[in-house]
Every structure is written in C-alpha cells, then in structure tokens.
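Per-entry structural report
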Amino acid sequence: MTTPKTDRIAYGGDYNPEQWPEPVRDEDHRLFGEARIDTLTAGVFSWALTQPAEDTYEFTVLDRILDRATAEGRQVCLATGTAALPPWLARAHPEVNRTDFEGRRHRYGQRHNFCPSSPVYRRLAAALAGRVAERCAAHPALLAWHINNEYGGACYCDLCAAAFRVWLRERHGTLAALNDAWCTTFWSHRYTDWDEIEPPSALTEHWRGPDHTAFQGITLDYHRFTTDALLGCFRAEKEAIRRHDPHTPVTTNFMGTYRPLDYHRWAPHLDFASWDSYPPLDAPPTRAALGHDLMRGLKDGAPFWLMEQTPSTTACREVNPLRRPGELRLATWQAVAHGADAALYFQLRASRGACEKYHGAVIGHAGREDTRVFREVASLGRELAELGPVTLGARTPARTALLFDWDSWWALELSDGPSRLVRYQDVVHTYYRAARAAGADVDVVAVTADLTPYDVVLVPVLHLVKGDLAPRLEAVAARGGTVLTTFLSGRADEHDNAFLTDVPGPLAGLMGVRVDEWDSRPADTVNPVVLGTGDDALRTEARLVFELVLPRGAEPVGTYQDDFYAGTPAVTRHPVGGSGGEGWYVATALDQPGVDWVVHRVLARHGLVGPYAAHPSVETAARTAPDGTRLFFLLNHAAGPVPLTAHASAVDLLTGKRTERGEAFTLDPCGVRVLRLEQAVE
C-alpha cells in the first residue's frame, strides 16, 4: 500500500496541452503558478496520439508535457491512455468493439468502447502501458500512474460469453454446483453443457431492462464476472508498468458508489484509492461524504486521492447547476476532512469542442485570471500550500462502521418483490447520513472487514449474508457492541437463494425477531410509526415495505400505527446475553427523522454522539496524523452563520487563531475550521 510522496496536499487536475498551441501552454503554466497548482494529470485519452498505428509509437507529446512540468516544478500523474480506443484499432480489429445489452455490436465511437474480454484489446493496451512506462518511468516529473479512466460498462459479445463460461468453471467447479447455485430446476433451465450458458441480456433472461431478470443468480454472477473482466484489464496494464517501474504508485479513478463494479474486489490491486466526485449539486453533503468514506475504506483507512471534481459546473446532466461562492472550498475541505491527500480538478483548461466544452474548468475558453472561479481556485491553492504537510497520511479514528456490499446491492435491485421502489444506495445513505448528523466518524467497509475496532456496526439492507459474517456480527454484540440491520436483510445466500429458515435468516438470533409476512405499498402510502415513549417519543413516517415482526427476545422500540398490524413492532432492540451488547432491527423504511432518532440512540449508548450534533448543518470529522497530532474539522453547510461553543482548546491551522474550550465562536456560511486539538476531548 503506497501513496504518492508529496510535501503537501497535491493540487491540480486533468490537463491536455496537446489541444493548444505553445503560447497558450505558456500562459497556462503562468496561471498554474498563480493558483499554486503543482500536480497535472496527463495523457488520459492519448492513445491515438501516442500510438497512431499498430506498429508505431510517438512520444513527442508526452515528452513535452513531462519536460515542461519538470521545468515548472510540477509533478505528473501520468495516464496510460487506454480508456478509449483509437479509430485505427476499432477498424483493424472490429471484435474489440462492445456488444450492448440489446445484442447490438457497436461500431467505433464514444469512450469505454472496448470489450474487456478481447485478447487484442488486452494485448495492445498492456503493450501501450509498457511502452509508456519504459519511456517515462525514470522521468523526474512522474508522481503516480493512472491506468485507464473511470472503468465501467459491460459487454455481451461472443468473446465475453466464452470468458464467462471459463469464469463460471473456476467459480463453481461443476455443472451440478452451478445448477444448484442458480436454482435451475425452475423453468426447465438445468444445464448439461457449459456451452449452453449465455450471458444474461435482453436477448436471454431479461425483460424491461437490466434489473428485470428471470434468474437473479445468473445475472448476479455476470455482474461479478464483469467486475473481474475489467479488473483483469487493469491488472494486465499494471503488470506491464511494473516490468519497467517497480516503485511508482499505481491507481485508477473510481466513481464512488458506482453500482456496476464491485470496488472491494479491486481494492487489493491498487496502490492507493482515487475517485471522481460529481454528486448532484442539490444532493445533501453526505452524498459526497459517503463516497469519500467508501474510498478511504477500500485501503484499510489509508488516505485517498480526490482525482476529479468540478471547479464550477458539470456538463453531462440534463441541468448543470453552478457551484455557489464558497461551495468549492467547502467541498474540497470536506474531502480532506474525510481522508483526501490530493484535491484535483477536471479540468484545468476548458475543452474547445466536443461534449465537454461546457464542463467547468479552472481556466475558461478566454484564458482569464480575473474570473470568480479562478480566483476561488487560486485562493484555495494558497490556503492548501500554507497548510503544508500537516494532514498527509492522517487517519480517521472511527468506532462506527457501515458495511457496504455490492452483492447485496445487485441482488436487492434484481429481485422481483417485495418492492422495486427500494433502492440500496438510498437506504444506505439514509443510515450513513444519520450517523454523520450525530457527529460520528464512520468507516464504510466491506462485509469481510475486521469488525473488532468498532463499537457500532450499521448493516442496512444486507440482502445477502455470506461466509462468516453472521457470527462476526454476533461477536460484536457479544463484547458489548451494537449491530443494527433493517428490513430485507438476511434474506438470501451468496447465490441469492432464499434461506430455508425464518427471516432474517442467519441474523435472526442476533436480532431476536421472526418475520413471517411483509407488506409492500406504493410510495405515497404512509404508515405512521411511533418511536419511544413519553417525552422521548417521536411520531414519524414509514413507506414502501412493512415487515410484520414477531419478537423472539427483542423489545419493541417503535410500533406501526395503521392497518391490521397497527400496534406491532416496527423497530426492536434485542439485549444480547449479559454483555451489554444489542441487536437493533428496523423493519420498515423510516423517513430521515425516524432513522436519525434510532441511530442517535444507538450511538449515544456508546458515547459516540459528537459535540456539535445539535447543529445539523455543521459537519465534523476527525483525523490523527502520523506524528499523533489530532485534527478536528468543522464545516458549515448552512446558508447562514452558526453560533457554536468550542468543545476543546484548539488552534485553527487556517488562521492561526486559538480558541479555548467553552469559548463562543461563529462558523460562517460555507465556513471551515481545521483545528489542532490541544487537550483531550470529552
């Protein structure tokens, strides 16, 4: 596990100087100096320039980029350029073009247009990566390797069908095991030869799109196969680089909570995690925060790189709002607060044409430095430079974990029933948002992660329970911790076959409940739920799925108020032995206030409610630097100032101002404080 070596938070972004003449490049570097930009991501889509024909390589462009960066005192995150095919390759080898879900073989165009199972693509992409590494590995400007770009999409061609069958043999071993895993006695699907198996697509098992499949097990395995096929492409390029450069860190840019690829399967093969953060600008700030914490969790809590964000606006959506004054600074410091050791932009200079010409950039088409966006970028660059290396390598001392599981995500949204209105990412975000609102630092980790550091483990909509997860969750409660799970959890095994036992399957003992029935209703149907009693009570709303809970040792915490199951438990708490541990079960899709109420109480019993939880617009995060320095971040997402009282004596590293514990202060709109704590926090 290796992160790039820098002397402060890396600052810069995607740069494509090949698009402009020399005088423009001269001006760009002058402006980069004004903005304290020290890191350039280059060559991301350079295949056609670097390899204009199958037997020809041309390195003039890359040489000039690297040499100029060195001359200007900047470093380069150098891409292999393999994310989009050059036209000559698609023409000479049409089998490298993808076949889509509807069975159409594509002609040349767009990007992410390669078949991951194509031997020609893999050979030529790895060869290019190797040639670039051979040429550039010793260059003093090289900081990190960037393989491909935003891997994604799927292919359904004959090459992928053949590769899928090989993958299935390795996974299942025998046809008998595969038939059992896929429940092929249903609808006469029992396979007697591997060659009978087809990729699940609109021509085979699907109707009404990719989420409607007759056999969830088949489609679930194809998602896993696609993840591994694209990972194989990444690994081939990394191996080619390593033959010439055994040390420079290697990454590829992920996309946060991106459904098509299971990033946990990729994580061991990256030297450091990086991602591109483009949340909808009307989304709550916890959407981006969830992505940050997921990226940090991929590498056991190590810092990640924010590889891309827009300085102003995106261009790919139907409507592309502009970041308001102060929002860019706030978003960047949020990334640092959650573990980023780099803050990079797409893009440094606006593209002249094609589909990203309206995408935001540090330098616009006119090349001006007196725009609001450039001034904000430059001001932030100076601030990061003045901060120096304080946050580099710092880790988050979280005692709360949220388990994120791509298999459960896929399986839940592939299932016919109980409700297609339940979206995994939305439910997970609801619980993450509640924990963050309560002031808890959260590690977002895989279901295979070590759970011993955590007092609270949140496991919403864990549709599949795999391996030894159930006993490991029981162990959390047995040592006094709390495990919370929700409706539609513990329903099926790793193949998405239902457990032949009471719901919630292997989690039933820990939760102390049995579920025999569940009701599913349209989104506008509300069943009120009352949580707690007396002065502590909250009347909230529930929607979509309403499980009918029979307590088996658990105590009701909240009850339904309507329908024939009025008065029955909607939320339960199960004391575990004499350890003080608990299992909480939420049997319905509570609204955000209801989830906030539940999660706040779970965290409070472990002393994990933060000192500013009463201020929902104020985000907090803690990091501990390698030298033991304790950092505490305060970020104000409100439109107005927020009055606060200091919870500890600290120095604001951005201003040098010291604040004593108990002292009143005000956090401005979009305000940020990076505090070095000077005494223990109670």
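Let me begin by describing the structure that accompanies this report. Bear in mind the structure is a predicted one, so any value in this text is a computation, not a measurement.

Each helix and strand in the protein chain was counted, giving 17 helices and 27 strands. Computed over the C-alpha atoms, the radius of gyration of the protein chain is 26 Å, within 12% of the 26 Å expected from 2.2 N^0.38 for a compact globule of 682 residues. By its C-alpha atoms, the protein chain is 75 × 75 × 40 Å across when sized along the principal axes. By residue count, 60% of the 682 residues in the protein chain fall in the buried class.

With that settled, consider the environment of Val-390. The residue Val-390 is located in the loop between α12 (372-387) and β10 (400-403) in this model. Val-390 sits 241 residues away from Leu-631 along the chain, and the two C-alpha atoms are 9.1 Å apart. The residues touching Val-390, leaving out its near neighbours within four places in the chain, are Ala-625, Leu-631 and Leu-653.

Each pair of packed helices gets described by two things: the angle between the helix axes and the distance between those axes. Running from N to C, helix α11 (residues 327-337) and α12 point in directions that differ by 35 degrees, and their axes come no closer than 9 Å. The element α11 and its partner α12 pack so that their crossing is right-handed. For the pair α11 and α12, the contacting residues are Leu-328, Arg-329, Thr-332 and Trp-333 in the first and Glu-376, Val-377, Leu-380, Glu-383, Leu-384 and Leu-387 in the second. Its residues assigned to classes, the contact of α11 with α12 comprises six nonpolar, one polar and three charged.

The next point concerns helix α8 (residues 216-242). With 27 residues, α8 should reach 39 Å at 1.5 Å per residue; the first-to-last C-alpha distance of 39 Å fits that figure. A large share of α8 lies buried, amounting to 22 of its 27 residues.

In this model, Phe-346 is joined to Gln-347 through a cis peptide bond whose omega is 15 degrees. As for its placement among the helices and strands, Gln-347 is situated in the loop between β9 (340-345) and α12. Geometrically, the link from Val-503 to Pro-504 is a cis peptide bond, its omega value of 10 degrees lying close to zero. Mapped onto the elements, Pro-504 comes out in the loop between β13 (482-486) and α16 (508-511). The phi angle at Asn-148 is positive, at roughly 55 degrees, despite the residue not being glycine.

Counted by the stated rule, this structure contains zero disulfides. A disulfide-free cysteine, Cys-115 has its sulfur positioned 3.6 Å from the sulfur of Cys-157, the nearest such atom. Here Cys-160 stays free of any disulfide, with the sulfur of Cys-115 as its closest cysteine sulfur at 3.6 Å. You can call Cys-160 buried: its relative accessible area is 1%.

Our focus in this paragraph is the sheet that holds strand β22 (residues 630-636). Reading across from one edge, β21-β22-β27-β24-β25 is the order of the five strands in this open sheet, with antiparallel pairing throughout. The open sheet terminates on both sides in strands that have one partner only, identified here as β21 (618-624) and β25 (658-659). Two strands pair when backbone bridges link them, and strand β24 (residues 650-652) and β25 are joined in this way by two bridges, in the antiparallel orientation. Bridge pairing in β25 places Val-651 opposite Arg-658. Contacts between α11 and the sheet are confined to β21, β22 and β27 (672-677), with β22 contributing the most and set at about 150 degrees to the helix.

Let us now look at the pattern of salt bridges. Inspection of every chain in the model, using the stated rule, returns 50 salt bridges. Among the salt bridges present, the one from Glu-413 reaches Arg-259, with a minimum N-O distance of 2.7 Å. Highlighted residues: Glu-413 in helix α13 (residues 406-414) and Arg-259 in the loop between β6 (253-254) and α9 (263-266), separated in sequence by 154 residues. Judged by its relative accessible area of 4%, Glu-413 is buried. Residue Glu-413 is joined to Arg-423 by a salt bridge in which the shortest nitrogen-to-oxygen separation is 2.9 Å. With Glu-413 in helix α13 and Arg-423 in the loop between α13 and α14 (424-437), this residue pair connects regions lying ten residues apart in the sequence. The exposure class assigned to Arg-423 is partly exposed, which follows from its relative accessible area of 31%. Among the charged side chains, a salt-bridge network with shared partners connects Arg-171, Asp-221, Arg-224, Asp-405, Asp-407, Lys-466 and Glu-494.

Two modes of strand pairing occur in sheets, parallel and antiparallel, and in both the strands are linked by backbone hydrogen bonds. Strand order in the open sheet formed by nine strands is β5-β4-β3-β2-β1-β9-β8-β7-β6, with parallel pairing between adjacent strands. A strand with exactly one partner marks an edge of an open sheet, and here the two such strands are β5 (250-251) and β6. Here three bridges tie strand β7 (residues 274-276) to strand β8 (residues 304-308), and the two strands are oriented parallel to one another. When the bridges of β8 are listed, Trp-275 appears paired with Leu-306. Here helix α3 (residues 60-71) sits on the sheet in contact with β2 (39-42) and β3 (75-79), set at roughly 160 degrees to β3. Contacts from α11 reach β8 and β9, with the element oriented near 145 degrees to β9.

The subject of this paragraph is the nonpolar core. If you look at the biggest cluster of nonpolar residues, it comprises 169 residues, and the most contacted ones within it are Trp-333 and Leu-473. Take this core: its biggest share by element is ten residues, from helix α5 (residues 119-136). Dropping the residues within four chain positions of it, Trp-333 is found in contact with Leu-380, Glu-383, Leu-384, Leu-387, Phe-633, Leu-635, Leu-654, Val-672 and Val-674. Judged by nonpolar contacts, the second largest core, of 22 residues, contains Trp-167, Ala-181, Tyr-191 and Tyr-222.

What follows is about the layout of surface pockets. Put simply, the largest pocket is a space of about 940 Å³. As for the largest pocket, its lining consists of 29 residues, and the residues nearest its centre are Phe-45, Arg-111, Phe-346, Cys-355 and Glu-356. Among the residues making up the lining of the largest pocket, the classes are represented as eleven nonpolar, nine polar and nine charged.

This model, assessed by the stated rule, comprises 35 aromatic pairs. Each ring, one from Trp-167 and one from Phe-225, has its centre 6.4 Å from the other, and the planes form 75 degrees; the classification is edge-to-face. Taken together, the residues span a long stretch of sequence, with Trp-167 in helix α6 (residues 158-172) and Phe-225 in helix α8 at a distance of 58 residues. Comparing Trp-167 with Phe-225, the two get one shared label, buried. Measuring from centroid to centroid gives 5.7 Å for Phe-234 and Trp-266, while their planes differ by 50 degrees, and the two rings are tilted. Here Phe-234 is found in helix α8, whereas its partner Trp-266 is found in helix α9, with 32 residues between them in sequence. Given a relative accessible area of 0%, Phe-234 falls into the buried group. Between Arg-349 and the ring centre of Trp-20, over which it is positioned, the NZ or CZ distance is 5.6 Å. The cationic tip of Arg-491 hangs over the ring face of Trp-518; the distance from NZ or CZ to the ring centre is 4.0 Å.

What counts and what doesn't
Residues numbered from 1 in each chain as written. Predicted model: local features only at pLDDT ≥ 70, side-chain atom pairs only at ≥ 80, totals over all residues. Heavy atoms only, no water. Helix = DSSP H or I, 4+ residues; strand = E, 2+ residues; numbered from the N terminus. Rg over C-alpha atoms; globule rule 2.2 N^0.38 Å. Buried < 20%, exposed > 50% of the residue type's maximum accessible area, 1.4 Å probe, protein only. Contact = heavy atoms within 4.5 Å. Axes fitted to C-alpha atoms, helices over the stretch in contact; angles between N-to-C directions. Left-handed = near helix turned anticlockwise from the far one by under 90°. Nonpolar A, V, L, I, M, F, W, Y, C, P; charged D, E, K, R; others polar. Expected span 1.5 Å × (residues − 1). Disulfide = S-S within 2.5 Å. Pairing = 2+ DSSP bridges. Salt bridge = Lys/Arg side-chain N within 4 Å of Asp/Glu carboxyl O. Core = buried A, V, L, I, M, F, W, Y, C linked by side-chain atoms within 4.5 Å. 1 Å grid on protein atoms, 1.4 Å probe; cavity = no way out; pocket = protein on both sides within 12 Å on 5 of 7 lines; lining within 4 Å. Points joined across faces, edges and corners; volume = space filled by probe spheres on them. Phe/Tyr/Trp six-rings, centres within 6.5 Å; stacked < 30°, edge-to-face > 60°. Lys NZ or Arg CZ within 6 Å of the ring centre and 35° of its normal.

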